[in-house]
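Chain by chain, the residues:
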Amino acid sequence: MAEAALSKEEILRYSRHLIMPEVGMEGQLKLKQAKVLLVGTGGLGSPTALYLAAAGIGTIGLVDFDVVDYSNLQRQVIHGTKDVGRKKIESAEETMRDINPHISIVKHEVALTSENALGIIADYDIVADGTDNFPTRYLVNDACVLLGKPNVYGSIFRFEGQASIFAAPGGPCYRCLYPEPPPPGLVPSCAEGGVLGILPGVIGVIQATEVVKIILGKGETLQGRLMLYDALNMKFRELKLRRDPDCPADGKCTKIHGLIDYHQFCGVPQQSAEAEPPPPSPGNIEVTDLKAKIDRGDNFRLIDVREVHEFQIGRIPGSTLIPLGELPKRLSELNPEDEIVVHCKMGGRSAKAADLLRAQGFKRVINVTGGILAWSDKVDPSVPKY
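Note that the structure is a prediction, hence the values are computed from the model and not measured. (Residues numbered from 1 in each chain as written. Predicted model: local features only at pLDDT ≥ 70, side-chain atom pairs only at ≥ 80, totals over all residues. Heavy atoms only, no water.)

### Concerning the sheet that holds strand S12 (residues 340-343)
Working definition: the strands of a sheet are paired by backbone hydrogen bonds and lie parallel or antiparallel to each other. Taken in spatial order, the five strands make up an open sheet running S9-S13-S12-S10-S11, and their pairing is parallel. At either margin of the open sheet sits one strand with a lone partner, and together these are strand S9 (284-285) and strand S11 (320-321). Where S12 and strand S13 (residues 365-368) come together, three bridges link them in parallel fashion. The partner of Val341 across the bridge, within S13, is Ile366. (Pairing = 2+ DSSP bridges. Helix = DSSP H or I, 4+ residues; strand = E, 2+ residues; numbered from the N terminus.)

Quick look at the structure:
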């Protein structure tokens, strides 16, 4: 194989790297020869991909199977308005090639699973994890541990972000920080709790920085450290991370011996493709049926258990706002003999509200399947989606 070299155009492109003694020609060639896998081209993956492409990483793999939605554009800066409805992996590739036509982009348009993770990750030197769910985070971690690949980790929520490096030789892995995922529903997603659009830019750039440092072999990386960023108060903090004391000094993990069914591990129910769908619960109602009840003038209370700021975005006519966190203190506002229909954004919080009300003796409680988003899709498109 011929020795890698930089073209005249690449020398000009990377000139500000080449005049730095910490990078120079040798370091830039290391970047050109490196192979980095980005899992996700969303909030974190966007800035990471942009800066790794600009830095001259020779081969960048992209794992994503989602499409661009309007709600992505507030933070997923690799995509534009023209890309709405387009596959994220195609949009990301186009933007990256425009930034740097000298790199190679490998597209993996699949969901990362226990069946394909090892085969995909094995071809790369480093993995940058830009996922937003626990099953994939544990999957990426475990595959990196088994393959000995550094996992450059980032996570975001509202105004707070984290970054670290897991599974590097001699260092901790994600399970050293979080041995088990939290109970389902305890930690809200960004779709439920929101995220400051600028936040993933900061964390994603930190991930890209750590990737470049690992390739160059320069500086002190985040291995063994968890960086915490509070954007609201503009503060950075750092926690020491240590390997699980049960893991031996030779670096072998005592807990990870193979990939597992991560959705079951994380408490996410899975349904076989061949299985019959479960019958509708008598405690649930579709939005179209709710509209029919309203049109008939049925006697019931419609309770919205979202937050005030969500209620201000859009509402179902005739609904009363009682946020889920306030519901236990405001039960006196409701009659246990009435039929009560509860809804939220997508149906999760309202299901909890329905369970709470039933436990308090309310016998006629119905949860709206799909929440106000389903109402916007199927009943009234004028209600804004968020």
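### Describing the environment of Glu9
With respect to the secondary-structure elements, Glu9 resides in helix H1 (residues 8-13). Note on Glu9: relative accessible area 46%, which makes it partly exposed. With 93 residues separating them along the chain, Glu9 and His102 place their C-alpha atoms 9.5 Å apart. Here His102 takes part through its side chain, which lies 3.1 Å from a polar atom of the side chain of Glu9. (Buried < 20%, exposed > 50% of the residue type's maximum accessible area, 1.4 Å probe, protein only. Polar contact = N/O pair within 3.5 Å; in protein donor to acceptor, adjacent residues only side chain to side chain.)

### What about helix H5 (residues 88-99)?
With 12 residues, H5 should cover 16 Å at 1.5 Å per step; its first-to-last C-alpha distance of 17 Å lies within 8% of that length. Among the residues of H5, those classed as buried are Lys88, Ile89, Ser91, Ala92, Glu93 and Met96. On its buried face, H5 sits against helix H4 (45-55), strand S2 (59-63) and strand S3 (104-108). (Expected span 1.5 Å × (residues − 1). Contact = heavy atoms within 4.5 Å.)

### Quick word on the environment of Glu109
The topology assignment puts Glu109 in the loop between S3 and helix H6 (117-121). Once the C-alpha coordinates of Glu109 and Glu90 are considered, the two residues, 19 residues apart in sequence, prove to be 9.3 Å apart. With residues up to four places along the chain from it excluded, the contact list for Glu109 reads Asp64, Phe65, Lys87, Ile89 and Glu90. Among the polar contacts listed, one links the side chain of Glu109 to the side chain of Lys87, at a separation of 3.0 Å.

### Structural notes on unusual backbone geometry
Residue Ala167 is not a glycine yet carries a positive backbone phi of 65°. For Ala167, the position within the fold is in the loop between strand S6 (160-166) and helix H8 (174-177).

### Concerning the packing of aromatic side chains
If you walk through the whole model with that rule in mind, you get seven aromatic pairs. For the pair Phe166 and Tyr174, a centre-to-centre distance of 5.7 Å together with 70° between the ring planes defines the contact as edge-to-face. Here the aromatic cluster, defined as three or more aromatic residues joined through ring pairs, consists of Tyr138, Tyr153, Phe166, Tyr174, Tyr178 and Phe265. Between Lys35 and the ring centre of Tyr124, over which it is positioned, the NZ or CZ distance is 5.9 Å. (Phe/Tyr/Trp six-rings, centres within 6.5 Å; stacked < 30°, edge-to-face > 60°. Lys NZ or Arg CZ within 6 Å of the ring centre and 35° of its normal.)

### Section: the sheet that holds strand S5 (residues 151-157)
The strand order across the open sheet formed by eight strands is S3-S2-S1-S4-S5-S6-S7-S8, and the pairing between neighbours is mixed. In the strand order of this sheet, the two ends are held by S3 and strand S8 (235-240), each with one partner. Direction aside, the axes of adjacent strands within the sheet are offset by 15° on average. The pairing of strand S1 (residues 35-39) with strand S4 (residues 126-129) spans four bridges and is classified as parallel. By the bridge assignment, Val36 is partnered in S4 with Ile126. Here helix H7 (residues 134-147) sits on the sheet in contact with S1, S4, S5 and S6, set at roughly 165° to S5. (Axes fitted to C-alpha atoms, helices over the stretch in contact; angles between N-to-C directions.)

### Notes on the packing of helix H12 (residues 287-296) against helix H15 (residues 371-378)
At a closest axis distance of 9 Å, the pairing of H12 and H15 adopts a crossing angle of 80°. On the basis of their axis angle, the class for H12 and H15 is roughly perpendicular. On H15, the residues that touch Val287, Thr288, Leu290, Lys291 and Ile294 of H12 are Gly371, Ala374, Trp375 and Lys378. The residue inventory of the contact of H12 with H15, partitioned by class, reads five nonpolar, two polar and two charged. (Parallel < 35°, antiparallel > 145°, perpendicular 65-115°, else oblique. Nonpolar A, V, L, I, M, F, W, Y, C, P; charged D, E, K, R; others polar.)

### Some points on the confidence of the model for the protein
Per-residue pLDDT for the protein averages 91, and the proportion of residues at 70 or more is 92%. In this model, residues 271-280 is a region of pLDDT below 50 whose contacts with residues beyond four sequence positions or in other chains number three contacts. (pLDDT = per-residue confidence, 0-100.)

### Examining the pattern of salt bridges
According to the stated counting rule, one finds 24 salt bridges in the structure shown. Residue Asp142 pairs with Arg175 through a salt bridge whose shortest N-O separation is 2.7 Å. Taken as a pair, Asp142 in helix H7 and Arg175 in helix H8 lie far apart in primary sequence, 33 residues in all. An identical accessibility class is assigned to Asp142 and Arg175; each is buried. One connected set of salt bridges, linked through shared partners, spans Lys82, Asp83, Arg86 and Glu94. (Salt bridge = Lys/Arg side-chain N within 4 Å of Asp/Glu carboxyl O.)

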